[in-house]
Every structure is written in C-alpha cells, then in structure tokens.
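# Fold and geometry: a report
Residues per chain, in single letters:
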Amino acid sequence: MRTQVAIIGGGPSGLLLGRLLHRRGINTVILERRSKAHVLGRIRAGVLERGLVALLTEAGVSERLMREGLRHDGTLLSFDDTMFRVDFVGATGHAVTVYGQTEVTRDLYDAREADGAPTLFEAEDVAIHDADSDTPFVTCTRGGETLRIECDFIAGCDGFHGVSRTTIPADRRREFEKVYPFGWLGILSETPPVNDELIYASSERGFALCSMRNANLSRYYLQCSLEERVEDWSDEAFWEELKRRMPADQAKRLVTGPSVEKSIAPLRSFVSEPMRWGRLFLCGDAAHIVPPTGAKGLNLAASDVHYLHEGLADHYAGRGMDGLDAYSARALSRVWKAERFSWWFTTLTHRFPGQTGFDRRMQEAEIDLLRTNAAAQAAMAENYVGLPY
Ligand code: APR
Ligand code: PHB
C-alpha cells in the first residue's frame, strides 16, 4: 500500500489532520490501534477555543457543532464562598464553545467516511521505519496479516502512550515533565448543569469543577488524592463533597442523580522536544500533555494540526519545505504558552499536600487580584479563549 501521509492514531489529531489534508487533495491512511467504538467511547473535556471552531469550520465539520454547541461568554471562579465571573467576550471579544470531544471525534469520523478515506482499525504492532530518510514506511499487523505502507511523511497522532514519540532516538529528544500530587475524580450525570457557565471552585477542602455536555448532561470533577480509587466513592459521597467545595448558594441549586460514568485521572504537564524527526511529525498528546484545568488538550492538538497541514500543503503545492522545517518550533511556541497557563491555573486553584500558610496566602492574593483587576482578568481570558495560531 502507498499513501502520501501515513497518520498513526485515529483520535482528534489524526482525524482532523486527515480531513484537512483530504480537502487539499492529499491522500492519507489512518492506522488506529483500537476499534471505532472504543475510540468513540472515551469521555473527554469539551471546551473548544475559537481557533478550533474556525478549524473545524474550515474542515467542513462544524454543522452539528454550530447547532448543538453551547457558546460560553465567560466562566465563574469561586474561592470558598466568594464567586466572581471572568468575562471572556468583554475582555477579548471572543467566547468559547462547550461541545464534547467525543462529538468532535464522531463528526470527524463521519466526514472521513464520507471522504472515502481509509482508516485501518485494530492495527496492531504499528512500527515506523526509516523516518529519517526520504523513503519512510510504516508496518502493522491486522487480522494476522502484516501490512507495509510506503509514504512520503508520517504524522504521529497516537497520543501519550503511542509509538511515535519513542521512535525518535532518546539522544535526540528532550522531555520535560511535572506530575501533580493529586488526581481528578470525574462523574457524568444525566442532570441539568448547576449553572449556565462552568464553575472552577477552589476551597480549603480542594478543587472542584462544574461543567456540562448539554442541558441534561453534566460533568463534575473533584480533586482527589492519588491513593483513592473510584470504588471508594459512592455517588452520594461525591455529591456531598462537591456541595462542600462550592459556594453555598450554588450548592443549593445542584441537581444530583445517578452517575453514568465515574473515573479518576492523574494530572501531569509534559512536553517532548522536538516535534519532528526527519519525515515524522508529532501532533497532540503524542508530543505534549497538559493538566485538564485549562481545557487545553484538544485545543493544542488543533493548533499542531493547523501548522502541520499548512506545511504539508505548501510542500505538495511545490512551495518547498519551509513550513515543514518551521513546524516544530512554531508548534512548541504555542504549546509552551498553553503549558504555562494550564500549570498556572492548576497551581492557583488546587490544594497541594504540605502546602504552607504562605503558599495559601499567595493563592489568595492572586485570586484577589484576579477578582478585582481588569488586566489580570484579561490575561486569563486571553489564554482561556485561546492565543492566536
Ligand atoms: N498504533 C495506532 N494507534 C495508536 C497507537 C499505536 N501504537 N497508540 C495509540 N493509538 C491511538 C489511540 O487508540 C487513540 O485513538 O491513537 C489515538 C490517540 O488519540 P488521543 O490520545 O485522543 O490523542 P490526540 O488525538 O492527540 O487528541 C488529544 O485527546 O487525550 C485527549 O486530552 C487529550 O483532548 C486531548 C486530545
Ligand atoms: C469538561 O467538561 O470535561 C471540562 C471542562 C473544562 C475543563 C476541564 C474539563 O477545564
């Protein structure tokens, strides 16, 4: 088999790249380790920056997003019983859109199937060969048969646990990591959201987040210790703890109900540099991870894909390799700014084991500045709605 761009990974990064390249007449094959049903069964954050909305519109996959997505002009932050709002539109002129990542992925799969572009599901033992040559290729096994895919370029869109990043020799990679001493216990419930906007709640008991998927599907999170397990938390215990971390007037509004999904996720900041090795280009979680506090994971994958698809389109249009040669530095410049924002927002709102009284006063002072100072709110809003591509 031969293709122009072999894409490893059928998550949002791989699918969006495939769609954008197809619209430029560039053919791709996506190799996805899991089944389509498994990929679509993942529950992930759903806050879309303006840049991602524009990219999905450019890709021609925004019709349902425009119909079902929830425009959010700001967000609420609470610290114990004090709550205030950061006005995204007032500060930046831009809003964000709440629309589940699962739905983005579903829309992208629908588009790929309409394009008739091949996706090899349950592709096992994917391996990248000769990425640092002019004739790279990828191999995998499917149904006991070994496949070899000749290509011009390889896009590593296979997430944090994929094979792409580690194909780059260790002595050519620089990895940066911060593991946070807590996790997020998340619950999905078929209940109306507690508020029309998200509430990022910081309290003496720890962080909580009140989010949503639609008018009758809510998503809530509690900061929890890494020793805790999902089975330690009944629905009732979750709801009671959530109420204790929210302002009392919001807790009174909370509609509780049975969980339809409950899970614990660890938090880490991670970046691997460079995001290119020869004809292999890394996109999204394959190259970087952010704590979910700033909802940047999907949005960073989008800006990586934007830069890479532009570089590939330039190459195939005979405009040379400058775009591809600039890809890694250009993507990392935006990645590190989002890493900083996600680290800052996590550090500001969470309770850290062993935190001193001084540490807590620093949090309170920054929170008070954010509550009372327009420039501080504007800086947060600019990062939250998404810095320009
Ligand atoms: N071979 C083929 N496919 C693989 C391999 C492999 N060796 N390893 C992983 N995959 C697939 C996974 O099954 C997954 O479907 O690659 C895909 C990677 O998708 P994501 O992990 O969702 O990463 P990405 O597409 O970059 O999207 C980033 O997803 O994890 C969230 O918070 C993250 O919102 C962000 C978004
Ligand atoms: C979510 O809805 O899952 C979500 C929203 C905002 C975040 C993180 C997660 O910052």
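For the structure, check the block above.
This text gives an overview of the structure that appears in the document. Being a predicted model, the structure only gives us computed values, none of them experimental. (Residues numbered from 1 in each chain as written. Chains lettered and ligands numbered in written order. Predicted model: local features only at pLDDT ≥ 70, side-chain atom pairs only at ≥ 80, totals over all residues. Heavy atoms only, no water.)

This part takes up the overall build of the chain. In terms of helices and strands, the chain carries 13 helices and 20 strands. Dimensions along the principal axes, computed over C-alpha positions, put the chain at roughly 60 × 40 × 40 Å. Residues counted as buried form 56% of the 389 residues belonging to the chain. Here the contacts in the chain between residues at least 6 apart in sequence split such that 72% fall between residues at least 24 apart. (Helix = DSSP H or I, 4+ residues; strand = E, 2+ residues; numbered from the N terminus. Buried < 20%, exposed > 50% of the residue type's maximum accessible area, 1.4 Å probe, protein only. Contact = heavy atoms within 4.5 Å.)

The next thing to look at is the site of ligand 2. Near ligand 2 you find 13 residues, and of these Tyr 200, Ser 211, Arg 213, Tyr 221 and Thr 293 are the closest. For ligand 2, an oxygen atom lies 2.7 Å from a polar atom in the side chain of Arg 213. Thr 293 places a main-chain nitrogen or oxygen 2.8 Å from an oxygen atom of ligand 2. For the shell around ligand 2, the secondary-structure elements that each account for two or more residues are β15 (206-214) and β16 (217-224). With three residues, β15 is the single largest residue contributor to the shell around ligand 2. (Near = heavy atom within 4 Å. Polar contact = N/O pair within 3.5 Å; in protein donor to acceptor, adjacent residues only side chain to side chain.)

Residues in close proximity to ligand 1 total 23 residues, the closest being Ser 13, Glu 32, Arg 42, Gln 101 and Asp 285. A distance of 3.1 Å is found between a nitrogen atom of ligand 1 and a backbone nitrogen or oxygen belonging to Arg 33. The side chain of Asp 285 places a nitrogen or oxygen atom 2.9 Å from an oxygen atom of ligand 1. Among the elements of the structure, α1 (12-22) and α10 (297-316) are those that each provide at least two residues to the shell around ligand 1.

In an α-helix, one turn spans 3.6 residues; hence positions three or four apart end up facing the same way. The first and last C-alpha atoms of helix α12 (residues 357-372) sit 22 Å apart over 16 residues, in line with the 22 Å expected at 1.5 Å per residue. Along α12, the residues that are buried comprise Arg 360, Gln 363, Ile 367 and Leu 370. Projection of α12 onto a plane perpendicular to its axis shows the buried side chains occupying an angular sector of 85°, all on one side. Projecting away from the buried face of α12 at angles above 90 degrees are the exposed residues Gly 357, Phe 358, Arg 361 and Thr 372. Of the surrounding secondary structure, the elements contacted by the buried residues of α12 are β5 (74-79), β6 (82-87), β14 (199-203), α11 (322-349) and α13 (374-385). (Expected span 1.5 Å × (residues − 1). Arc of directions from axis to C-beta.)

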